[in-house]
Amino acid sequence: MSERVIDADADDTERAVEAALRPRRLAEFVGQRVVRDQLSLVLDAATARRRPPDHVLLSGPPGLGKTTLAMIVAAEVQGALRLTSGPAVQHAGDLAAILSSVAEGDVLFIDEIHRLARPAEEMLYLAMEDFRVDVVVGKGPGATAIPLQLPPFTVVGATTRSGLLPAPLRDRFGFTAHLDFYSPDELERVLHRSAELLGIELEAAAASEIASRSRGTPRIANRLLRRVQDWAEVRGEGRGDLAAARAALEVFEVDDRGLDRLDRMVLRALCERFAGGPVGVSTLAVAVGEEPETIESVAEPFLVREGLMARTPRGRVATDAGFAHLGLAAPGPQTPLWS
């Protein structure tokens, strides 16, 4: 499958581009008002006590600002930020090496923390609770555990699947927050801020158009903004006006509800080939030439969230809104075969 411009995940190259757009302080962070207020209280209280803040767990879909908030926590407490991820820590020794270099007041950010290996996870329990790790020296009967005391520090964990976190690990976080999708108004504020940093002249109507197609996700909004910038500079007049926004989004096949080519292929197959369903995900995947995992993890969540598709015990079905989005008439109630 080709790269999707509305994919909420980011590769290393895009993360480097995003770094220039990230807010540095909590006051600059747009959206997530409840989380922002709660986190501000936690950080202010820790600063007043001259102690590192409690460990922080951030959950929610990709692209909503979990990494940005981790960086902000480090900036607010004036500590160094150390970054790693669950898949990168496969052994307890990997985590011990990271923890041994942590200084007092540092922030250790663990992305996709639910994917930590079990031995590393058990070591992290002790490090978070007692600020120490037991380093095992030697093998077999002669092995000995040497306790290593750690300075007080803060773990910020991020996860897109909080249900996979073991309860003992989740309970060690003093502050937990779930990030929700952004409203169009919030995304417009994100876009205007990013446009200023990128040196783009972005009109209000263009910002509104991009925001309405960004799936409630700042990462997607910023990516679409860069594509509009490309179109404006290469084929337009250099301004981010409404015409440039619509033309660029048409080139990248992002429609007025944020659906891209894959989303529409899935929805159209469901509506036209299978009369709205129900149909199994494997059959639907064959119909569009994709893997079932791609349909389930990439296209289906947004279609369901938008009310264009529904999951039932018998399979996937298209809703009336799904038919309407494609300009098709929804079929009437089907007559049972035994009537």
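Residues numbered from 1 in each chain as written. Predicted model: local features only at pLDDT ≥ 70, side-chain atom pairs only at ≥ 80, totals over all residues. Heavy atoms only, no water.

Another aspect to go through is the overall build of the protein chain. From N to C terminus, the protein chain includes 14 helices and 9 strands. Split into buried and exposed, the 339 residues of the protein chain put 45% on the buried side. If you take every contact in the protein chain between residues at least 6 apart in sequence, the share linking residues at least 24 apart comes to 70%. Split by element, the accessible area of the protein chain, about 17000 Å² in all, is 50% carbon and sulfur. (Helix = DSSP H or I, 4+ residues; strand = E, 2+ residues; numbered from the N terminus. Buried < 20%, exposed > 50% of the residue type's maximum accessible area, 1.4 Å probe, protein only. Contact = heavy atoms within 4.5 Å. Areas by Shrake-Rupley, 256 points an atom, 1.4 Å probe, with all protein chains shown as cover.)

Turning to helix H12 (residues 281-288), a few remarks are in order. Within the span of H12, buried status applies to Val 281, Leu 284, Ala 285, Ala 287 and Val 288. End-on view of H12: buried residues confined to an arc of 160 degrees, all on one side of the axis. For H12, the secondary structure elements touched by its buried residues are helix H11 (261-273), helix H13 (292-305), strand S8 (309-312) and strand S9 (315-318). Just past H12, the residue Gly 289 takes up positive phi, approximately 70 degrees. (Arc of directions from axis to C-beta.)

The final tally for this structure, using the stated rule, is 1 aromatic pair. Seen in terms of ring centroids, Phe 131 and Phe 153 are 5.6 Å apart; in terms of plane orientation they differ by 70 degrees. Their pairing is edge-to-face. In this pair, Phe 131 sits in the loop between helix H5 (118-130) and strand S4 (132-137) while Phe 153 sits in the loop between strand S5 (144-149) and strand S6 (154-159), placing the two residues 22 residues apart along the sequence. The positively charged end of Arg 215 is found above the aromatic ring belonging to Phe 302, 3.9 Å away from the centroid. The positively charged end of Arg 305 is found above the aromatic ring belonging to Phe 181, 3.6 Å away from the centroid. (Phe/Tyr/Trp six-rings, centres within 6.5 Å; stacked < 30°, edge-to-face > 60°. Lys NZ or Arg CZ within 6 Å of the ring centre and 35° of its normal.)

With that out of the way, let us pick up the nonpolar core. Counting residues in hydrophobic clusters, the biggest one holds 43 residues, and the most contacted among them are Leu 39, Leu 69, Val 156, Leu 202 and Ile 210. Considering each element in turn, this core owes the most residues, 6 residues, to helix H9 (residues 218-234). Those residues in contact with Val 156 that sit more than four places away from it in its chain are Val 56, Leu 58, Ala 70, Val 73, Val 107, Leu 108, Phe 109 and Ile 110. Grouped together as the second largest cluster of nonpolar side chains are 23 residues, Ala 96, Ile 110, Ala 120 and Leu 124 included. (Core = buried A, V, L, I, M, F, W, Y, C linked by side-chain atoms within 4.5 Å.)

Its location among the elements puts Ser 214 in the loop between helix H8 (204-212) and H9. With a relative accessible area of 0%, Ser 214 lands in the buried category. From its side chain, Ser 214 meets the backbone oxygen of Ile 210 in a polar contact 2.6 Å long. (Polar contact = N/O pair within 3.5 Å; in protein donor to acceptor, adjacent residues only side chain to side chain.)

Another aspect to go through is the pattern of salt bridges. All told, the structure shown has 20 salt bridges when counted by the stated rule. Between Arg 246 and Glu 209 there is a salt bridge, and its shortest N-O distance comes to 3.8 Å. With Arg 246 in helix H10 (residues 242-251) and Glu 209 in helix H8, this pair connects stretches of sequence that are 37 residues apart. On the basis of relative accessibility, which here comes to 14%, the residue Glu 209 falls in the buried class. (Salt bridge = Lys/Arg side-chain N within 4 Å of Asp/Glu carboxyl O.)

What follows concerns the sheet that holds S6. Ordered by their spatial adjacency, 5 strands build an open sheet running S2-S3-S6-S1-S7, and the pairing between neighbours is parallel. Each edge of the open sheet carries a strand with a single partner, namely strand S2 (81-85) and strand S7 (175-178). Within the sheet, the average angular offset between the axes of one strand and its neighbour, ignoring direction, is 15 degrees. Of the pairings in the sheet, the one linking strand S3 (residues 107-111) to S6 comprises 4 bridges and is parallel in character. Directly across from Phe 109, in S6, lies its bridge partner Val 156. (Pairing = 2+ DSSP bridges. Axes fitted to C-alpha atoms, helices over the stretch in contact; angles between N-to-C directions.)

Moving on: the pairing of S3. Regular strands have side chains that alternate between both faces of the sheet. Burial of S3 is extensive: 5 of the 5 residues sit out of reach of the surface. Alternating positions in S3 separate into two faces, Val 107, Phe 109 and Asp 111 on one and Leu 108 and Ile 110 on the other, with burial throughout. Here S2 runs beside S3; their pairing, made up of 5 bridges, is parallel. For Ser 85, the partnering residue across the bridge sits in S3 and is Asp 111. Taking the sense of rotation as the criterion, the β-α-β connection linking S2, helix H4 (residues 92-99) and S3 turns out right-handed. (Right-handed = clockwise from strand over helix to strand, strands pointing away.)

To continue, consider H9. With 17 residues, H9 extends 24 Å from end C-alpha to end C-alpha; this agrees with the ideal 24 Å at 1.5 Å per step. For H9, the buried fraction is high: 12 of the 17 residues fall into the buried class. Among all positions of H9, only Pro 218, Arg 219, Ile 220, Ala 221, Asn 222, Arg 223, Leu 224, Leu 225, Arg 226, Val 228, Gln 229 and Ala 232 are buried. (Expected span 1.5 Å × (residues − 1).)

Once that is clear, we can look at the confidence of the model for the protein chain. The predicted model of the protein chain has a mean per-residue pLDDT of 85, with 90% of residues at 70 or higher. When mean pLDDT is compared element by element in the protein chain, H8 scores highest at 94, while helix H1 (residues 12-19) scores lowest at 64. Note that residues 335-339 has pLDDT below 50 and, in this model, 0 contacts with residues that lie over four places away or in other chains. (pLDDT = per-residue confidence, 0-100.)

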